Amino acid sequence: MTAPGAAGSAGGWWGTEDVCVRFGGTLALDHVWFRAEPGRVSAVVGGDGAGRTTLLRCLAGALAPASGRVRRPAPLATGYMSAGSGVYPDLSVNENLAFRATAYRVPPQQAHERTGELLARAGLDRVGDRLAGQLSGGMRQKLGVIAAMIHRPDLLVLDEPTTGVDPVSRSDLWWLIARAAAGGTAVVLATSYLDEAERAHDVLVLDAGTVLGSGTAEQIVAAMPGSLTVTGERPAGEAGRRAWRREGRWRVWDPAGGDPAGVIVPDLQDAVTVAILARELSLVPAGGEPR
Amino acid sequence: MTELPAQAFAVTRAFGHFVAVDQVDLEVRPGEVVGLLGANGAGKTTLIRLLLGLLRPSGGEIRLFGEPPSRHARRRIGYVPQGLGLYDDLTPAENLAFSAAVFGEGPEAAALPAPLRPYRGTVVGALPLGVQRTAAFAEALAHRPDLLVLDEPTSGVDPLARARLWETVAAAAAAGAGVLVTTHYMDEAGECDRLVIMAAGRAVARGTAREITGDTRISVVEAESWAAAFGALEAAGLPVTLVGRTLRVPGVPPDAVRRALGNLPATVTSAPATLEERFFELTLSSGKTEAPS
């Protein structure tokens, strides 16, 4: 069930309650609870097929769940950027924004005022007449985000705004995201970069449609089962399956959290890697091949 | 003369009036992983194309294994481009077999590595991105290259898949290959023995991440209301970034940040810059970051 406007102006939240989505025989989202609050940035992380895009499409109202409830604002109070920016390549930067403003019923003068400053700050003010299809990847993503927030939505949903984008454009994108949140918008973004998730206020870790963790980055780290040690070489035998490379050394996860000697304090990247690894190990018997 | 996998001596490449690569020196030694960082338009991809012999320098010199780039030298290179360079409508095994044949390798070079075996019957275009990247790596490594060139090899994959790709890179380096890798992800700088930062066509910094970051510091703002502080700093035209409820302001000393905050309740301190923040300083001080079209 989808309930536009359910959270209303009661200072509530947007999100999903026990949502399941099926594509054929595949459970793309498996009883997902998620909450995005006004003025906060929530990052949804996970790998391929984790269900990030499916969750975001539910929040944007582009997909109805098989069961559970989506709490989202009315369509005109939602902003959504699909993966790959969602801008029209055959329209210029200015035409893209004018089109969006009309679709969201923002008066042209107001739209012009709102976007002028954002375009300047994002380094797009001098390419207003360029076709969106001719922009660099980073510029196109920035245009996509500005187009999605042109109407100051209550909920802004961004699917991988920063993937493949260079660090300078990434910083501009984060400025736009922070700007939206500072204005009271609830921002939800999917990312594959854990340093970005660490900058968000709240994090949801998805894998194969299941929630592996949620909360602040600190809460997710604190909830990591077992403990981590660091070694110079990959350990032999069974422990090698619980090891991965990071910064030229090996992290080794001990699910039992045994020997405290040499145990390190994990960060969000460690905690998410452990979550994905734990799930993978539970699916692959020792000595077996992945599914 | 020692045979280094790749060397660039003051190499320059201009397109019309636009100088994409400007007197860059670079060296990749055997067994070494060199990270090439830079914004779009900084010249990374042009430099890679010069090294691969796909472009001729306008000035300076490129040497591969001690000689000018040639067909012969190119056979010793493994290359994973940003777009991965796989045939979408062939399976991983078919891609590998084709590539092995092109490189004149035997069937052993076309053997499918274990992580790809579950996807034996699936065409590459239908595989998850992480698996596609694994396949591209396998193809680039099949002829045991002495120089491995990777252009943004881990974009868009989860952290465990990323760690495994780096494991493959490290294994190739341990076996003696020189590796040149570009990335937009500063966390990966820790996987490189050495970094070269490019901005506006020039190499503006080189060394380990720690050497490049040096003692650069930034200002940190902890405010009662981050949104209000963000608004004040933004109005003052300062380059502010949001990290949780904390704001970071690179390149501006704490007293100037304090002044910009006016009467807002907040503490302003100074902290060591991250590599990414140092990168911004280097990039912004070198001027434009996007190539004109």
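Being a predicted model, the structure only gives us computed values, none of them experimental.

K.L.:
Sorry, what's going on with the pattern of salt bridges here?
P.N.:
For side chains bearing opposite charge, pairing can occur when the charged atoms are close. Residue and element names in this part refer to chain A. Counted by the stated rule, this structure contains 29 salt bridges over all chains. Note that R69 and E17 form a salt bridge whose closest N and O atoms lie 2.8 Å from each other. Here R69 is found in strand β5 (residues 67-72), whereas its partner E17 is found in strand β2 (residues 14-23), with 52 residues between them in sequence. For R69, a relative accessible area of 30% corresponds to the partly exposed category. Several salt bridges converge on common partners, so that one network encompasses R246, E247, R251, D267 and D270.

K.L.:
How should I be thinking about the domain arrangement of chain B in this particular structure?
P.N.:
Size of an interface: often given as the accessible area lost when the parts come together. Each assigned domain of chain B is listed with its residue range as follows: domain 1 (6-212) and domain 2 (217-272). Each of domain 1 of chain B and domain 2 of chain B has a C-alpha centre, and these two points are 39 Å apart.

K.L.:
Got a minute to help me understand the domain arrangement of chain A in this structure?
P.N.:
All names here are of chain A. Per the domain assignment, the segments making up chain A are domain 1 (2-212) and domain 2 (217-281). Distance between the C-alpha centres of domain 1 and domain 2: 32 Å. Contacts between domain 1 and domain 2 engage nine residues on the former and nine residues on the latter. Summing both partners gives a buried area of about 880 Å² for domain 1 against domain 2, and 73% of it is carried by carbon and sulfur. It is L194, E198 and L212 in domain 1 that bury the most area against domain 2; as a group they hold 47% of the surface buried on that side. Linking domain 1 with domain 2 are one salt bridge, by the criterion used here. Note that D207 and R279 form a salt bridge whose closest N and O atoms lie 3.3 Å from each other. Along the contact surface separating domain 1 from domain 2 lie two residue pairs in polar contact (both at pLDDT 80 or more). Of all elements in the fold, only α6 (194-199) and β9 (202-207) reach the threshold of two or more residues within the side of domain 1 that touches domain 2. For the side of domain 1 that touches domain 2, the residue count by class is seven nonpolar, no polar and two charged.

K.L.:
What should I look at first to understand the packing of aromatic side chains in this one?
P.N.:
Remark: the centre distance and the inter-plane angle together describe each pair of aromatic rings, the angle taken between the planes. Residues and elements named next belong to chain B. In this structure the tally under the stated criterion is six aromatic pairs over all chains. Taken together, a centroid distance of 5.4 Å and an interplanar angle of 90 degrees make the contact between Y87 and F98 edge-to-face. Taken as a pair, Y87 in the loop between β5 (77-80) and α3 (92-102) and F98 in helix α3 lie far apart in primary sequence, 11 residues in all. Measuring from ring centre to ring centre gives 6.2 Å for W226 and F230, while their planes differ by 80 degrees; the resulting arrangement is edge-to-face. Within this pair, W226 and its partner F230 are both found in helix α7 (residues 226-235), separated by four residues, close to a single helical turn. Each member of the pair W226 and F230 is classed as buried.

K.L.:
What am I meant to see in the interface of chain B and chain A here?
P.N.:
Facing 44 residues of chain B, the contacting portion of chain A comprises 48 residues. For the pair chain B and chain A, the summed buried area comes to about 3,900 Å², and 54% of that belongs to carbon and sulfur atoms. Three residues stand out in chain B for area buried against chain A, namely B:P159, B:L160 and B:Y185, and they jointly supply 14% of the buried area on that side. Viewed at the interface, chain A and chain B are joined by five salt bridges. The partner of A:R170 in a salt bridge is B:E276, and the shortest N-O contact between them spans 3.5 Å. Between chain B and chain A we count 12 residue pairs in polar contact (both at pLDDT 80 or more) in total. Of all the secondary-structure elements, those providing two or more residues to the side of chain B that touches chain A are α4 (129-141), α5 (159-174), α7, β11 (241-243) and α9 (275-285) of chain B.

What counts, and at which threshold
Residues numbered from 1 in each chain as written. Chains lettered and ligands numbered in written order. Predicted model: local features only at pLDDT ≥ 70, side-chain atom pairs only at ≥ 80, totals over all residues. Heavy atoms only, no water. Salt bridge = Lys/Arg side-chain N within 4 Å of Asp/Glu carboxyl O. Helix = DSSP H or I, 4+ residues; strand = E, 2+ residues; numbered from the N terminus. Buried < 20%, exposed > 50% of the residue type's maximum accessible area, 1.4 Å probe, protein only. Domains from an automatic or database assignment. Contact = heavy atoms within 4.5 Å. Buried area = accessible area lost by both parts, 1.4 Å probe. Polar contact = N/O pair within 3.5 Å; in protein donor to acceptor, adjacent residues only side chain to side chain. Nonpolar A, V, L, I, M, F, W, Y, C, P; charged D, E, K, R; others polar. Phe/Tyr/Trp six-rings, centres within 6.5 Å; stacked < 30°, edge-to-face > 60°.

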